[in-house]
Amino acid sequence: GMGAERGILIKNAEALQRAGDINTIILDKTGTITLGKPAVTDIVAANGDDEALLRLAASAERSSEHPLGAAIVKRAQADGLALSDHSAFESVTGRGVVAQIDGRSVAVGSPAFIIERNANGYDPGEAIALLQQQGKTAMVVEVDGAVQGVVGVADTVKPSSAEAIATLHAMGLRVVMLTGDNTRTAHAIALQVGLDPASEVVAEVMPGDKASVVRAEQARGSVVAMVGDGVNDAPALVQADVGMAMGTGTDVAIEAADITLMRGDLRSVPQAIQLSKRTLRTIKQNLFWAFAYNIAAIPLAAGLLVPFFGPHAKLNPMIAAGAMAFSSVFVVTNSLRLRRAKI
């Protein structure tokens, strides 16, 4: 009930209990730390024709399901550009896309992806470095084997992310940001939310490798919570000791997780951990007092003190029964104190 009032849906008691033991939180960047709604911020064309570069890039990305590709298509449509159909399309997971547009081969993707294709022509290094320093993702556009420019895409950090991470740090928890972005962009985002780029960022992670990062943390003896929202986060959510899915994310992620954060707010993560610790503390208090009443009352009712103080020292069984009933009332009343707990 306490969790539901705060938009924290806990699927089973095991997840609630395990959450109290967490010492490492792994946060997926897109859609968890950030809003997950990237937008095009910069267009740098080698020949100065930004509109033509955006049209080709958007035409190539039309069939892509990646949020960055969708951002490029959305910007082109907002600018009223007429997009072309592609005669062939290939998506390389976590890297980029290649398509045939108007008889030309167009590739759009990460700088590493374009470098692997041995593209020549315009050197986008300076533009890429500038975008990455600003925490933006650089998407390089290659046409017929030659680099034609760079499209900068940025995802806004959620207003509550820095506060949530500060709370987790104050609780003595290690927080790690996981992202497929390049290291420079990842470090820029980390600084915005109060993470240490040197020790609390794992960048350039392929979607299929997220579960491996969780597994590596567990191998070090950590009790790990994974927080994500996307389809590619599902294996990591299952692998983690406690998987937490943003309620604003995909159905697959929500189904794979142990706890769903309906508000899509990172501040729900420390709340869930605090709720777990408070609940377990209450359970232990209840067990102690329930046993204490019974251990004291039942032997007295059985006449434990009669040999020492005579027959009048024998406790009436009705009193023992009353003590047992009162222990139940005490347990329920103590549990209801959770409703006043500051979480």
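Structure first, text after, so check above.
Residues numbered from 1 in each chain as written. Predicted model: local features only at pLDDT ≥ 70, side-chain atom pairs only at ≥ 80, totals over all residues. Heavy atoms only, no water.

K.L.:
What is the right way to read the sheet that holds strand β10 (residues 174-178) from this model?
P.N.:
Two pairing modes exist for strands in a sheet, parallel and antiparallel, and in both the strands are linked by backbone hydrogen bonds. With mixed pairing, the seven strands of this open sheet are ordered in space as β1-β14-β13-β12-β2-β10-β11. What marks the edges here is a single partner per strand, and that holds for β1 (8-10) and β11 (201-202). Here β1 runs beside strand β14 (residues 259-261); their pairing, made up of three bridges, is antiparallel. Counted as the bridge partner of Ile8 is Leu261 from β14. (Pairing = 2+ DSSP bridges. Helix = DSSP H or I, 4+ residues; strand = E, 2+ residues; numbered from the N terminus.)

K.L.:
Just checking my understanding: could you explain the packing of aromatic side chains for this structure?
P.N.:
What describes a pair of aromatic rings is the distance from one ring centre to the other and the angle between the planes of the rings. Enumeration over the complete set of coordinates arrives at two aromatic pairs. Seen in terms of ring centroids, Phe288 and Trp289 are 5.1 Å apart; in terms of plane orientation they differ by 80°. Their pairing is edge-to-face. Phe288 sits in the exposed class, given a relative accessible area of 51%. Overall, the relative accessible area of 37% leaves Trp289 in the partly exposed class. (Phe/Tyr/Trp six-rings, centres within 6.5 Å; stacked < 30°, edge-to-face > 60°. Buried < 20%, exposed > 50% of the residue type's maximum accessible area, 1.4 Å probe, protein only.)

K.L.:
Help me understand the environment of Ile22, please; the structure alone is not making it clear to me.
P.N.:
Along the chain, Ile22 turns up in the loop between α2 (13-19) and β2 (24-28). Put simply, Ile22 and Ser222 are 200 residues apart on the chain and 7.7 Å apart in space, counted from C-alpha to C-alpha. Setting aside residues up to four positions removed in sequence, Ile22 forms contacts with Leu173, Val223, Ala225, Val242, Met244 and Ile273. (Contact = heavy atoms within 4.5 Å.)

K.L.:
It is not clear to me how the nonpolar core should be interpreted in this structure. Could you clarify?
P.N.:
The tendency in soluble globular proteins is for nonpolar side chains to be buried side by side. Core analysis: the largest hydrophobic core is formed by 32 residues, its most contacted members being Ile22, Ile25, Val227, Met244 and Val269. Sorting elements by how many residues they give to this core places helix α9 (residues 183-193) first, with four residues. By size, the runner-up hydrophobic cluster in this structure holds 26 residues, among which are Ala45, Leu53, Val97 and Ala99. (Core = buried A, V, L, I, M, F, W, Y, C linked by side-chain atoms within 4.5 Å.)

K.L.:
Looking at this model, I keep getting lost on the packing of helix α4 (residues 50-61) against helix α5 (residues 67-78). Mind explaining?
P.N.:
When two helices pack together, their arrangement is captured by the angle between the axes and the distance separating the axes. With their axes 8 Å apart at the nearest point, α4 and α5 run at an angle of 130° to one another. Comparing the axis directions of α4 and α5 gives the class oblique. The way α4 lies across α5 gives a crossing that is left-handed. Only Gly69, Ile72, Val73, Arg75 and Ala76 of α5 make contact with α4, whose side of the interface consists of Leu54, Ala57, Ala58 and Glu61. Of the residues in the contact of α4 with α5, the class split is six nonpolar, one polar and two charged. (Axes fitted to C-alpha atoms, helices over the stretch in contact; angles between N-to-C directions. Parallel < 35°, antiparallel > 145°, perpendicular 65-115°, else oblique. Left-handed = near helix turned anticlockwise from the far one by under 90°. Nonpolar A, V, L, I, M, F, W, Y, C, P; charged D, E, K, R; others polar.)

K.L.:
Sorry if this is basic, but what is going on with the side chain of Ser276 here?
P.N.:
In this structure, Ser276 sits in helix α13 (residues 268-301). From its side chain, Ser276 meets the backbone oxygen of Leu16 in a polar contact 2.4 Å long. Ignoring any residue separated from it by four or fewer positions in sequence, one finds Ser276 in contact with Leu16, Gln17, Ala19 and Gly20. (Polar contact = N/O pair within 3.5 Å; in protein donor to acceptor, adjacent residues only side chain to side chain.)

K.L.:
Which parts of the structure should I look at to understand the pairing of strand β4 (residues 86-92)?
P.N.:
If a strand is regular, its side chains alternate between the two faces of the sheet. Looking at chain direction, β4 and strand β5 (residues 96-101) are connected through six bridges and run antiparallel. From the neighbouring strand, Glu90 faces β5, where its bridge partner is Val98. Connecting the antiparallel pair β4 and β5 is a turn made up of three residues, with Gly94 showing a positive phi of about 75°.

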